[in-house]
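# Structural overview for review
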Amino acid sequence: MTLLGAVGLWILLWQGIAMLVNLPLLLPSPWQTILAAWQQWQQPMFWHSVLMSLLRIMGGFLLAMLAGVLLAWLCTRSQLAEALLAPIRTVIRSTPVSSFIILVLLWIKIDSVPTFISFLMVLPVVWHGMQEGISTLNPQLQEMARMYDFSRMKALRYVTLPQLLPFFRSTAATGSGIAWKAGIAAEVIARPTLSIGRHLQDTKVYLLTDQLFAWTLTVILLSILLERMLNRLFKVAGKGGKA
């Protein structure tokens, strides 16, 4: 069965359950959800909210990618750094995201909470993944680069980065999904101005279930779009590295 066929089957199942329940307040039909989404997409505030959520969450994601790579490099170079910093990584990975959101609300501005939470949740994923990648670099290839008198930039481009790209791609794909879900959860609790999470919470409070489903549909579509953009970016980067 193709992906499109599987999606169609689940939509039919959703339609059937909605018809059995026959109570849009509890479960709107697919058509009611699409209609509500279409109405939302025509409102300027919708796009402003989506843009602000993207900027906040992707900002945290990009910061986590940068910090994770630097920490991974540091911990592979220094056993002392690994011994001191590894417990922090474990604590971050083990603590529920809701606990961090509530704590962070006491310390920073509301509009910055989704960015910080996205950063915090993605950081250990990138850190661990890239540290594993750096630890498995082939020393023979590094030696070959020295034998052929590669410059540092040339060795980085043609020897080191091609080995690290699969690890970076894997951690980025995983991290983007985590950042998106954690960031939206932070917005639901913190309710920053012009955010997807604020609208999700408002539609839930006022029992606007069709709009709640429509915002959820938007979150899913944006997540798929971001994942495909990342995959496309890495394909281009991979071709560039082979040039």
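Residues numbered from 1 in each chain as written. Predicted model: local features only at pLDDT ≥ 70, side-chain atom pairs only at ≥ 80, totals over all residues. Heavy atoms only, no water.

### Observations concerning the pattern of salt bridges
Throughout the structure, instances matching the rule amount to three salt bridges. With its nearest N and O atoms 3.7 Å apart, the salt bridge here joins Arg56 to Glu187. Within this pair, whereas Arg56 is found in helix 3 (residues 44-77), its partner Glu187 is found in helix 8 (residues 152-190), the two being separated by 131 residues in sequence. Across the pair Asp202 and Arg191 runs a salt bridge whose closest N-O atoms are separated by 2.7 Å. Residue Asp202 is located in helix 9 (residues 196-205), and its partner Arg191 is located in the loop between helix 8 and helix 9; the two are separated by 11 residues in the primary sequence. (Salt bridge = Lys/Arg side-chain N within 4 Å of Asp/Glu carboxyl O. Helix = DSSP H or I, 4+ residues; strand = E, 2+ residues; numbered from the N terminus.)

### Examining the packing of aromatic side chains
The full count for this structure, using the stated rule, is four aromatic pairs. Seen in terms of ring centroids, Phe116 and Phe119 are 6.4 Å apart; in terms of plane orientation they differ by 40 degrees. Their pairing is tilted. Of this pair, Phe116 and Phe119 both sit in helix 6 (residues 113-135), three residues apart, roughly one helical turn. Among the aromatic residues, those joined into a cluster by ring pairs are Phe46, Trp47 and Trp215. Its end group placed over the ring of Trp127, Arg89 keeps NZ or CZ at 4.9 Å from the ring centre. (Phe/Tyr/Trp six-rings, centres within 6.5 Å; stacked < 30°, edge-to-face > 60°. Lys NZ or Arg CZ within 6 Å of the ring centre and 35° of its normal.)

### Considerations on the nonpolar core
Ranked by size, the top nonpolar core spans 29 residues in total, and within it Phe61, Trp180, Ile184 and Ile196 carry the most contacts. Put simply, the parts of the chain that give this core at least two residues each are helix 3, helix 6, helix 8, helix 9 and helix 10 (209-242). Ranked by residue count, the leading element in this core is helix 3, at 10 residues. Leave out the neighbours within four places in its chain, and Ile196 touches Ser49, Val50, Ser53, Trp180, Ile184, Glu187, Trp215, Val219 and Leu222. In this structure, Ile101, Ile117, Leu120 and Ala182 belong to the second largest nonpolar core, which totals 11 residues. (Core = buried A, V, L, I, M, F, W, Y, C linked by side-chain atoms within 4.5 Å. Buried < 20%, exposed > 50% of the residue type's maximum accessible area, 1.4 Å probe, protein only. Contact = heavy atoms within 4.5 Å.)

### A closer look at unusual backbone geometry
Note: most peptide bonds trans; most residues except glycine with negative phi. For Leu194, which is not a glycine, the phi torsion comes out positive at approximately 50 degrees. Locating Leu194 in the fold gives a position in the loop between helix 8 and helix 9. Its identity is not glycine, yet Leu207 carries a phi of approximately 55 degrees, on the positive side. Counting through the fold element by element, Leu207 comes out in the loop between helix 9 and helix 10. Note on Leu207: relative accessible area 54%, which makes it exposed.

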